[in-house]
Amino acid sequence: MANRITLVEAVTQALAWELEHDESVVAFGQDIGANGGVFRATDGLQKRFGEKRVFDTPLAEAMITGLCVGMSTQGMKPVGEIQFSGFMYPGVDQLISHASRMRNRTRGRLSCPMVLRAPYGGGIHAPEHHSESMEAIYAHTPGLRVVIPSSPRRAYGLLLAAIRDPDPVVFLEPKRIYRLTKQEVPDDGEALPLDTCFVLREGGDVTLVSWGAMMNETLKAAAKLAEEGAEAEVIDLGTIKPYDSETILESVERTGRLVIVAEEPRTAGVAAEIAAEVAEKALYSLLAPIERVTGYDTVMPLFQLEMSYLPSVERILGAARRTLEAKR
Amino acid sequence: MKTTARFEIGYEQLLDPDGKPMVKRLPAFANDKKTMLGLYKTMSLTRAFDTRAIALQRTGKLGTYASCLGHEATHVGVGSAMAEDDVMAPSYREYGAQFTRGVKPEQILGYWGGSERGNVYEGPAAGDFAWCVPIASQCLYSAGAALAFKTRGEKRAVVVFLGDGGTSEGAFYEGLNAAGVWDLPMVFVIVNNRWAISVPLARQTRAETLAQKGLAAGVRGVQVDGNDIIAVRKVADEALKRAREGKGPTVIEALTYRLSDHTTADDATRYREAKEVEAAQRKEPFVRTRKYLESLGIWDEKKEKALVAENKKTVDAAVKAYQEAERDSVAAMFDHMYAELPDSLREQREAALREAE
Ligand SMILES: Cc1ncc(C[n+]2csc(CCOP(=O)(O)OP(=O)(O)O)c2C)c(N)n1
Ligand SMILES: [Mg+2]
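Residue indices begin from 1 for each chain and proceed along its sequence in written order. A letter from A marks each chain and a number from 1 marks each ligand, given out in the order of writing. Reporting in this predicted model follows two pLDDT cut-offs: at least 70 for local features of residues, and 80 or more for side-chain atom pairs to be given and counted; totals over whole chains, interfaces and linings ignore these cut-offs and use all residues. To get the side-chain values, all heavy atoms of the structure are used, and hydrogens and water are removed first.

> Just to check I follow, could you spell out unusual backbone geometry for this structure?
If a residue is not glycine, its phi is most likely negative; likewise, a peptide bond is most likely trans. The step from Lys241 of chain A to Pro242 of chain A runs through a cis peptide bond, and the omega angle for that step is -10°. Segments assigned H or I by DSSP are reported as helices when at least four residues long, segments assigned E as strands when at least two residues long, and all are numbered from the N terminus. Looking at the element boundaries, Pro242 of chain A is found in the loop between strand 12 (239-241) and helix 9 (245-255). One non-glycine residue, Arg107 of chain A, lies in the positive phi region at around 50°. Among the secondary structure elements, Arg107 of chain A is positioned in the loop between helix 5 (102-105) and strand 5 (115-120). One non-glycine residue, Arg194 of chain B, adopts positive backbone phi at about 75°.

Written as structure tokens, this is what we have:
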């Protein structure tokens, strides 16, 4: 009875639900048909829904992205897959020049209810270009939504929401945790909201905000802090853009301390945006300087060094302890 | 060595520059009074509009404007061949094609006058894409639209316009490849006006024709005299019929010439010779069409005068509507970013509105 599945299986389950219940949904990308995608995110979908609904494309990312744009303007709900987020860039022109602005360009006459999915992030010993976290590029683009799930259940609910959303969504799947844990995910077609973050752990001493695979280390750090007598509130951002600042601000007003944990490079990142907004709106609640624990402003290193690049539980703990020890 | 494949590119021209038929039998529509008058009138309106738009820009009443002078036969010929429920994806100067789709001159002025309101088309154009400035990127979303039609089994086609310069872009080739691999109901119209701003065709490609660029993707290509309204309409009719019947995509290379500067911000005398322009002027599409109508006995000086007056009235009314339109409110910048305004943007909208007060 219990339907315990991994994050990547939850992606498949959500795609299957939506393909089953909405005729206008189609899924396509490289190797997603018979092969079921290199991570098996579309496993069995072509067999089940046929080649008209689930199909392989030529090897051309700009084209995949452009197909999403064009199909969505004509009343379909395309879900394109880019094999790895590091190969999204040829299609970024279609995202920034068209998907994100079609609605505005035509004052609502045309719109792009599309989803572009891609596995992203480091930690799986992959070759060059397969491990980076460039969500800020998309978050910086007016008109896009950027969603990053961090558990099987949220992957299911957020992907359903992304497909149903009337605007273009970049859906980045943290591949490091594709198979890390299993969770019961009822296949009930229930979407999760795209306009709220998720409070994964309540606590009154320090607020830890993160998203994607880093939720894992962040939750571990929170458990360790609890052993040390400090209760951390852990917030999963979920939707990176536009993000729910209210939940974060409310939490920081209670805890007075904020640590933002992210895999992305540091400068001009999503973490920087959150820090800036909290500084603008909740500075007087802060008992300690805001801490960011992020990747470095380096090229994502090849895998010998990738764990040194990624924020570790230790780095998160260090930052959290500094906020807890700070004296005003 | 054996030959494994052989290709050729056809060239269609039916009227000479004096408007004389070059073949014994023109297509049936060429003898249809109503069709031919309709084509000519739209070409004529396009030219009247273009002239006025440039004047408006020169007097500070319009932003930078891209003239279509010399392209009228290509634009009107292709646009008029489209069915209402086909979809057009223009680049940025296909006014003649847009007029055939019901786009109003004041909307075009609205766009070049700095407001997205100009892109809110109605009628047959309601589903058309708006202007596409990033060169050739329209080829990709056009393939998406065509794939939507094909997936749903609809007998509709997408017409995408691009320039000779645009054929150097990767997006063009990726779009062609998509059209070929899925046999999409698409027509690529390459408006070869010989110039991409200041770069001549010889600097874009070594290929003998641009039509042949489809061949590597398995897409048929045809060249046409883009200043010959009858030839353009004929090849467009054929290509669209094929597309709608599921016989696949076509590349049409329309040979014409950009008689104007690239845009009002450009000065073409910096990079091309007057005598080249003069030579092109002798082949332009407008006079040729008129002479053909005269030879049919359906056009004369009096009718021409009346048409000029009618166009003036239409353009005057469009300019008036454009100039009297209210400026966009600051809210318009925010209100169409998402279907529903996110909280963060609501805050910014309120701040911008306060600022505007
Ligand atoms: C991707 C991109 N690069 C550069 C430009 C700047 N630009 C605008 S028009 C143009 C020339 C285009 O020439 P062509 O494709 O022949 O079209 P035409 O203007 O002749 O109609 C250039 C380089 C642009 N709009 N988009
Ligand atoms: Mg050109």
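> Please explain helix 1 (residues 7-21) of chain A as it appears in this structure.
Given 3.6 residues per turn, any residue in an α-helix points the same way as the ones three and four places further on. In this model helix 1 of chain A runs 21 Å from its N-terminal to its C-terminal C-alpha over 15 residues, within 8% of the 21 Å that 1.5 Å per residue would give. Here's how the labels work: a residue is buried when its accessible area is under 20% of the maximum for its type, exposed when over 50%, partly exposed in between, all with a 1.4 Å probe on protein chains only. When helix 1 of chain A is considered as a whole, its buried residues turn out to be Leu7, Val8, Ala10, Val11, Thr12, Gln13, Ala14, Leu15, Ala16, Glu18 and Leu19 of chain A. Helix span, as expected, comes to 1.5 Å for every residue beyond the first.

> Looking at this model, I keep getting lost on the interface of chain A and chain B. Mind explaining?
Put simply, an interface is often sized by how much accessible area is lost when its parts join up. Any pair of residues with heavy atoms lying within 4.5 Å of one another is described as a contacting pair. On the side of chain B, 46 residues touch chain A, which itself brings 43 residues to the contact. Once two parts are put together, the accessible area they lose, assessed with a 1.4 Å probe and summed over both, is termed the buried area. Interface of chain A and chain B: buried area, both sides summed, is about 3400 Å²; carbon and sulfur atoms make up 60% of it. Taken as a group, Gln74, Arg107 and Arg109 of chain A account for 25% of the area that chain A buries against chain B, more than any other trio of residues on that side. Throughout this description, the term salt bridge denotes a Lys or Arg side-chain nitrogen within 4 Å of a carboxyl oxygen of Asp or Glu. Close ionic contact of Glu116 of chain B with Arg107 of chain A constitutes a salt bridge, the shortest N to O distance being 3.0 Å. In protein, a polar contact means a hydrogen-donor-capable atom and an acceptor-capable atom, both N or O and within 3.5 Å, with residues adjacent in sequence counting only if both atoms are side-chain atoms; elsewhere, any N or O pair within 3.5 Å suffices. Joining chain A to chain B, the criterion identifies 16 residue pairs in polar contact (both at pLDDT 80 or more). Of all elements in the fold, only strand 3 (54-56), helix 3 (61-73), helix 4 (89-99) and helix 5 of chain A reach the threshold of two or more residues within the side of chain A that touches chain B. Among the elements that line the side of chain A that touches chain B, the one with the most residues is helix 3 of chain A, at 9 residues. A breakdown of the residues in the side of chain A that touches chain B according to their chemical character gives 16 nonpolar, 14 polar and 13 charged. Basically, the charged four are Asp, Glu, Lys and Arg, the nonpolar ten are Ala, Val, Leu, Ile, Met, Phe, Trp, Tyr, Cys and Pro, and anything else, Gly included, counts as polar.

> Where do I start with the domain arrangement of chain A in this structure?
Residue and element names in this part refer to chain A. Partitioning chain A into structural domains gives domain 1 (3-185) and domain 2 (198-325). Where each domain starts and ends follows an automatic or database-derived domain assignment. On a C-alpha basis, the centroid separation for the pair domain 1 and domain 2 is 26 Å. Counting from both sides, the interface comprises 31 residues of domain 1 and, opposite them, 27 residues of domain 2. A buried area of about 2200 Å², summed over both sides, lies between domain 1 and domain 2, and 58% of it is on carbon and sulfur atoms. If you sort the residues of domain 1 by the area they bury against domain 2, His125, Arg154 and Arg176 come out on top, with a joint share of 24%. At the junction of domain 1 and domain 2, the tally comes to 3 salt bridges. In this structure, the salt-bridge partner of Glu263 is Arg176, at a minimum N-O distance of 3.9 Å.

> Would you mind showing me how to read the site of ligand 1 here?
All names here are of chain B. Here a residue is near a molecule or strand as soon as one of its heavy atoms is found within 4 Å of it. Not every one of the 15 residues close to ligand 1 is listed here, only the nearest: Tyr92, Arg93, Asp164, Gly165 and Trp195. The side chain of Tyr92 places a nitrogen or oxygen atom 2.6 Å from an oxygen atom of ligand 1. In the shell around ligand 1, the residues fall into 7 nonpolar, 5 polar and 3 charged.

> What is the right way to look at a positive patch on the surface in this model?
All names here are of chain B. A contiguous patch of positive charge, built from Lys33, Lys41, Lys302 and Lys303, is present on the exposed surface. For the positive patch, the elements supplying multiple residues, two or more each, are helix 1 (33-58) and helix 10 (301-324). Counting through the fold element by element, Lys303 comes out in helix 10. Within this analysis, patches are made of residues with over 30% relative accessible area and no salt bridge. Like charges are joined at 9 Å or less; nonpolar side chains (Val, Leu, Ile, Met, Phe, Trp, Tyr) at 5 Å or less. Where accessible areas are quoted, they stem from the Shrake-Rupley method and a 1.4 Å probe; at the residue level, only the protein chains shown are allowed to cover. Neither His nor the chain ends contribute to the count of charged residues, in which Lys and Arg are positive and Asp and Glu negative. Every charge is mapped onto a representative atom, which is NZ of Lys, CZ of Arg, CG of Asp or CD of Glu.

> What's the story with the nonpolar core in this structure? I'm lost.
Core analysis: the largest hydrophobic core is formed by 83 residues, its most contacted members being Trp211, Leu237, Ile248 and Ile274 of chain A. Ranked by the residues each element gives to this core, the list is headed by helix 5 (residues 138-151) of chain B, at 9 residues. Aside from chain neighbours lying at most four places away, what touches Ile274 of chain A is Val209, Trp211, Leu237, Tyr243, Ile248 and Ile260 of chain A. Only buried Ala, Val, Leu, Ile, Met, Phe, Trp, Tyr and Cys residues count toward a nonpolar core, and they belong to the same one when joined by side-chain atoms within 4.5 Å. In this structure, Leu14, Met36, Ala81 and Val159 of chain B belong to the second largest nonpolar core, which totals 42 residues.

> Just to check I follow, could you spell out helix 10 of chain B for this structure?
With 24 residues, helix 10 of chain B extends 34 Å from end C-alpha to end C-alpha; this agrees with the ideal 34 Å at 1.5 Å per step. Looking at the packing, one finds that the buried side of helix 10 of chain B touches helix 1, helix 4 (105-112) and helix 9 (285-296) of chain B.

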